[in-house]
Amino acid sequence: MKTLFASALVAVAGSLSVQAQEPAPQRPRGHVPTISTAPEIDGVLNEKAWGQAVRLTDFTEVNPNEGERGDPATEVWMMRDAKQLYLAFVCFEPTPADMVLQNIKRDAFLNDDDRMEFVFDTFDDGQNGYFFQISAVGSRGDAQLGANGRRFNKPWNGFWEGKAQILEDRWIAEIAIPFASLAFGEGDLWRANFNRFRGADRSTYRWASPRRELFVGIVSEGGELSGFAGIEQGHGLEFRPYLKAKNSNPYRSPSVSNGDLGGEISWSVTPQTRASVTWNTDFAETEVDERQVNLTRYPLFFPEKRDFFLQDATLFQFGEVGAFGSVGTHLQPFFSRRIGLVAGREVPLDTGLRVASRTDRWDLGFLGLHMGESSSAGTPDSDLFVFRPTYHLAEGLALGGLLTSGNPASSEGNTVVGVDLRWSTASALPGNLSVNTFLSHTDDTLTATRGLGFGAQSELTTKNWNYRLSIFGSQGNYRPALGFIRRPGEVETSAAATWSPRPDSGPIRNFRFTLRPSWWTDLDGTTVSSTMNIGLLGIAFHSGDEFSFSANLHADNPASSFGIVQGVTIGAGEYDWTDLTASFNTSSGRPIAARTSVTVGDWYDGTLNRFRTDLIWRPNERMSTVASYREEHVSLPQGDFTIRIESLAVDYSFSTDLSLETLLQSDNDSDTLGVQSRMRWLIADGRELFLVLNTGWLERDRGLIVPIGHDLTAKLVYAWRF
C-alpha cells in the first residue's frame with residue numbers, strides 16, 4: 001500500500017512539473033451608484049431608477065468552452081440606497097422551452113436549474129463572504145462563505161427579497177438585499193462575482209476569474225465593486241420570538257398537549273459585530289436525519305441541521321474540511337451537534353449568548369450556553385463555552401485559535417485548546433491551492449486524561465487535475481466533549497490524484513481517472529486498515545449523464561472482535577479483500593432521472609454486495625418525488641444477513657413561500673417506519689409558520705405492526721427589525 005502511495009506522489013509531482021502558470025488577468029470593476037427612490041421588487045424593471053444602475057455585461061464562458069464569450073448575453077444591473085443593495089439580472093435566452101425549471105421553493109439545491117449565483121466579500125479580505133442564488137422561477141438560496149470558499153455554510157438564511165419572471169427571449173430576476181442582513185467593513189470597496197448556469201446546454205458563464213478550476217465562491221478572485229461608503233444598518237436590533245404548541249401521543253400512553261415560548265434578541269453593535277441572546281431555544285422544525293446502518297466498529301457522523309447553530313457557523317469551524325467546503329467527518333475539535341443533543345435525546349437549552357465579529361484583520365466567534373438538566377438523557381445542568389478567534393496575517397493567510405469548555409454529558413470539566421493555520425491562493429501555483437493545518441489538546445476531568453489531536457490537508461485544483469494530501473490523527477486519550485472524533489488513537493494518511501481530460505468534440509464533456517490511497521495506523525505506525533480506490537473510468541456527458549467504474553482494495557486488522565448485527569461478529573485478525581463498483585446517473589435536469597450504483601466483491605472473510613438506486617420524478621418546478629432503495633447483502637461464515645433501507649420523499653411547493661415536505665424512511669434493522677411531514681410558510685424572511693408531524697410504526701414478532709406514537713407541532717417564528 002505504501003508503495004502505491006509513493007507512486008501516486010510521483011505522479012502528482014510529475015504532472016505538476018509540466019503545467020505552466022498563466023498570467024493573472026486584471027480584475028473587472030464596477031461602481032455602484034446611489035439612488036433616492038427604491039424600486040418595487042416584482043421582477044419588472046420598469047422604474048426610472050434602474051436607468052441609473054451600473055451594468056456589468058462582460059461574461060465569459062467557463063464550461064464547457066473556457067474562454068469564449070458568454071452567449072447568450074447576460075447583464076447584471078446594480079444600484080443602492082443607504083439601506084439596501086438592488087440587483088437585476090437580465091439573462092437572454094433564445095430557447096425558453098429548453099430551460100430547466102425544477103425548483104421553486106426556498107433553499108432548494110439547484111443542480112441543473114437555470115439560475116444566477118453571486119457572491120460578495122463585504123470586507124474585501126479575500127476570506128469571508130456571502131453566497132446567493134436565484135433561479136428563473138424565483139427559488140432563492142444563500143450561504144455563508146469562510147476560508148476563501150473552503151467553508152460553505154449552505155443552511156444559513158439571510159433576509160432578502162427576490163422575484164423572477166420568464167419572457168419570450170430572456171428571464172429576469174430583481175433582488176433587494178438589506179445591508180442589515182450583512183456584516184461589512186468600513187471601506188468603499190467590496191469584492192464580488194457573478195455566475196450564470198444555463199440549463200439548455202449545461203453551460204456556465206462568469207464575470208470575474210472565468211477559470212474552470214475556480215469555484216465562484218473563491219472570493220479572493222472576485223472582481224471589485226466600489227460605492228459602498230455610507231451604507232447603514234439601521235439600529236441593528238432584531239427581536240425574533242417563537243410560539244409553539246405541541247401534542248404528543250406515545251403508544252399506549254395518554255396524549256399530552258403543551259405550549260412553549262422562547263426566542264432570540266440580536267443587536268448589531270457595529271456593522272462588523274453582532275451579539276445574540278437566546279432563551280428556551282427550540283428546534284422543533286428541524287428536518288430529521290437520513291437513516292444510516294453502521295457496519296463498522298466506529299461511530300457514524302450526522303451533520304448539523306439546526307438553524308441556531310448554523311448562523312455564523314463558518315466563524316466557528318475548526319479542524320478537518322470535507323468535500324465542497326463541508327464539515328469533515330473524522331476529526332472535529334468543536335462540533336455544535338454535541339450541544340442540546342445527548343445520546344440522540346434532546347436536552348433543553350435554557351439561555352445562551354452568541355457573538356460574531358468580523359473586522360479587517362480579526363474574525364471572532366463566541367458561544368456561551370446553559371443546558372438544563374434532563375432526566376431522560378441522564379445529564380445534569382451544564383455551562384458550555386466556545387471561543388474561536390482568527391487573525392488574518394495577509395490575504396489568503398489566517399492564524400486561528402479554539403477554546404471550548406464544558407461537557408454536555410457530565411458535570412465534570414472538559415477543555416479543548418487549539419491553533420490552526422490556513423492558506424489559500426490562486427496565484428502561487430498553476431491552479432487553486434488551499435492548505436489547512438491544526439493542532440488541539442484536550443483535558444478531561446472525568447477520566448483525568450489529556451490528549452492531542454492534529455491534522456494537515458492540502459488541495460490543488462488545476463484545469464484538468466485535482467490533487468489532495470492529508471493526515472489526521474489523535475492520541476487515544478483525546479476526548480473533545482464538544483467535538484467529534486471517529487477513530488481516537490489512530491492516524492489517517494491519504495492522497496488523491498484525479499485527471500479529467502476533455503475531448504475536443506463529441507458528446508463527452510470529460511473523462512475521469514482517479515487514484516486515491518489511504519491508510520489508518522496506530523501511534524506506533526502499525527497499519528489498522530487501508531483502502532486503495534482506483535477510478536478506472538469515469539465519463540461525464542454534455543447531457544449531464546455520468547458513468548463510473550472503480551476497483552477498491554481494502555485491508556483491516558481489528559485487534560478484537562466486534563459486532564455488526566445481532567448474532568454476527570467479525571473476529572480479530574488480518575483481512576484483505578477487493579470489490580468493484582459501477583454507477584450510472586442520468587441527468588437530473590430531466591423530469592425523470594435515476595441514480596444507480598452496484599458494488600460486488602469480498603468483505604472480511606465473506607462477501608458483500610451493495611445496491612442503491614434513487615428514482616427521481618420532477619414533473620414541474622413545484623413537485624419533486626424521490627424514491628430510494630439501498631440493500632447490503634452480507635455472507636459470512638458466522639451467518640448471512642441483508643440490510644435494507646427505503647425512503648420516499650415527496651415535496652410540493654404551492655408557491656416560492658409555501659411548501660409541504662414529507663419523508664418516509666424504513667429499515668429492517670430497527671424494523672421501524674418513520675414519517676415526517678413538514679409544512680413551511682415563509683411569510684417573509686425571518687417570519688415563518690411551521691406545522692410538523694412526526695409519527696412511526698414498529699414491526700414486532702409474527703408481523704404485528706404497532707404505532708410508535710406521534711407528535712404534532714405548530715411553531716410560529718416572527719422577527720421584527722429596528
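Every chain begins its residue count from 1, and numbering advances along the sequence as written. Totals for whole chains, interfaces and linings use all residues, but because this is a predicted model, local features are given only for residues with pLDDT of at least 70 and pairs of side-chain atoms are given and counted only at 80 or more. Each side-chain value is worked out from all heavy atoms of the structure, with water and hydrogens disregarded.

**Considerations on unusual backbone geometry**
Next, step 1: For the bond from N63 to P64, the omega torsion is 0°, close enough to zero to count as cis.
Next, step 2: A cis amide bond, omega 15°, links D71 with the succeeding residue P72.
Next, step 3: Along the chain, the position of P72 falls in the loop between β3 (60-63) and β4 (74-80).
Next, step 4: A positive phi is found at N148, a non-glycine position, where the angle reads about 55°.
Next, step 5: Helix and strand assignments follow DSSP, with helices taken as H or I runs no shorter than four residues and strands as E runs no shorter than two, numbered in order from the N terminus. Here N148 is to be found in the loop between β8 (140-146) and β9 (151-153).
Next, step 6: Exposure classes here rest on a 1.4 Å probe applied to the protein chains alone. A residue is buried below 20% of its type maximum, exposed above 50%, and partly exposed in between. When its relative accessible area of 3% is taken as the criterion, N148 is described as buried.
Next, step 7: Phi at N280 takes a positive value of approximately 50°, unusual for a residue other than glycine.
Next, step 8: Mapped onto the elements, N280 comes out in strand β17 (residues 273-281).
Next, step 9: Owing to a relative accessible area of 24%, N280 belongs among the partly exposed residues under this scheme.

**Thoughts on the confidence of the model for the chain**
Next, step 1: Residues of the chain with pLDDT of at least 70 account for 96%, and the chain-wide mean is 91.
Next, step 2: Here residues 1-21 is modelled with pLDDT under 50, and outside its nearest four sequence neighbours on either side it reaches 32 contacts, counting other chains as well. Confidence scores labelled pLDDT are given residue by residue by the predictor and lie between 0 and 100. Whether two residues touch is decided by their heavy atoms; if any such pair falls within 4.5 Å, the residues are in contact.

**A short note on the environment of R274**
Next, step 1: Tracing the sequence through the fold places R274 in strand β17.
Next, step 2: According to the relative accessible area criterion, R274 is partly exposed, its value standing at 22%.
Next, step 3: Along the backbone, R274 and S357 are 83 residues apart, and their C-alpha atoms lie at a distance of 6.3 Å.
Next, step 4: Excluding anything up to four places from it in sequence, R274 contacts G236, E238, S266, W267, S268, R354, V355 and A356.
Next, step 5: Any pair of N or O atoms that falls within 3.5 Å is considered a polar contact. Within protein, one atom must be able to donate a hydrogen and the other to accept it, and sequence-neighbouring residues count only if both atoms are side-chain atoms. Engagement of the side chain of R274 in a polar contact is seen with the side chain of E238, the distance being 2.9 Å.

**Quick word on the side chain of S628**
Next, step 1: Here S628 shows up in strand β39 (residues 623-636).
Next, step 2: A distance of 2.6 Å separates a polar atom in the side chain of S628 from a polar atom in the side chain of D614.
Next, step 3: In contact with S628, other than residues within four places in its own chain, are T613, D614, I645, E646 and S647.

**Some thoughts on the pattern of salt bridges**
Next, step 1: Each salt bridge in this description consists of a side-chain nitrogen of Lys or Arg and a carboxyl oxygen of Asp or Glu lying within 4 Å of one another. What the rule picks out here adds up to 47 salt bridges.
Next, step 2: Across the salt bridge formed by E224 and R27, the nearest N and O atoms sit 4.0 Å from each other. In this pair, E224 is assigned in strand β14 (residues 223-226) and R27 in the loop between α1 (2-17) and β1 (29-31), connecting sequence segments 197 residues apart.
Next, step 3: Residue classification places R27 among the partly exposed positions, given a relative accessible area of 24%.

**Some details on the packing of aromatic side chains**
Next, step 1: Only the six-membered ring of Trp is used, alongside the rings of Phe and Tyr, when aromatic pairs are assigned; centres must lie within 6.5 Å, and planes under 30 degrees apart are stacked while those over 60 apart are edge-to-face, with the rest tilted. Enumeration according to the criterion identifies 39 aromatic pairs in this entry.
Next, step 2: Residues F132 and W160 carry aromatic rings whose centres are separated by 5.3 Å and whose planes lie at 80° to one another, so their mutual orientation is edge-to-face. Residue F132 is located in strand β7 (residues 129-135), and its partner W160 is located in the loop between β9 and β10 (161-166); the two are separated by 28 residues in the primary sequence. There is no split in this pair, since F132 and W160 are both buried.
Next, step 3: Among the aromatic residues, ring-to-ring pairing joins F89, F118, F120, F132, W160, F179, F184, W190, F194, W207 and F228 into one connected group.
Next, step 4: Counted as over-ring charges are cases with an Arg CZ or a Lys NZ within 6 Å of the ring centre that also lie within 35 degrees of the ring normal. Directly above the aromatic system of W160 lies the positively charged group of R140, at a separation of 5.0 Å from the ring centroid.
Next, step 5: Over the ring of F308 we find R354; its NZ or CZ atom is 4.7 Å from the centre of that ring.

**A look at the sheet that holds β4**
Next, step 1: What the 5 strands build is an open sheet, ordered β2-β4-β5-β11-β10; its pairing is antiparallel. Across the chains shown, the open sheet's two edge strands, defined by having one partner strand only, are β2 (54-56) and β10. The sheet shows a mean angle of 15° between the axes of neighbouring strands, taken without regard to direction.
Next, step 2: Where β4 lies against strand β5 (residues 84-92), 7 bridges are found, and the strand directions are antiparallel. Bridge assignment links V76 to a residue of β5, and that residue is F89. A pair of strands is treated as paired once DSSP finds two or more bridges between them. Axes here mean lines fitted to C-alpha atoms, for a helix over just the part in contact, with angles spanning 0 to 180 degrees between N-to-C directions.

**Some words on a nonpolar patch on the surface**
Next, step 1: Only residues whose relative accessible area exceeds 30% and that form no salt bridge enter a patch; like-charged residues are grouped when within 9 Å of one another, and nonpolar side chains (Val, Leu, Ile, Met, Phe, Trp, Tyr) when within 5 Å. All accessible areas in this document rest on Shrake-Rupley with a 1.4 Å probe, and a residue is counted as covered only by the protein chains that are shown. A cluster of nonpolar side chains, namely L237, F239, I265, W267, V269, W720 and F722, defines an oily patch on the protein surface of about 650 Å² accessible area.
Next, step 2: For the nonpolar patch, the secondary-structure elements that each account for two or more residues are β15 (237-250) and β16 (256-270).
Next, step 3: No other element matches the 3 residues that β16 contributes to the nonpolar patch.
Next, step 4: For W720, the position within the fold is in strand β45 (residues 720-721).
Next, step 5: Residue W720 is classed as partly exposed on the basis of its relative accessible area of 36%.

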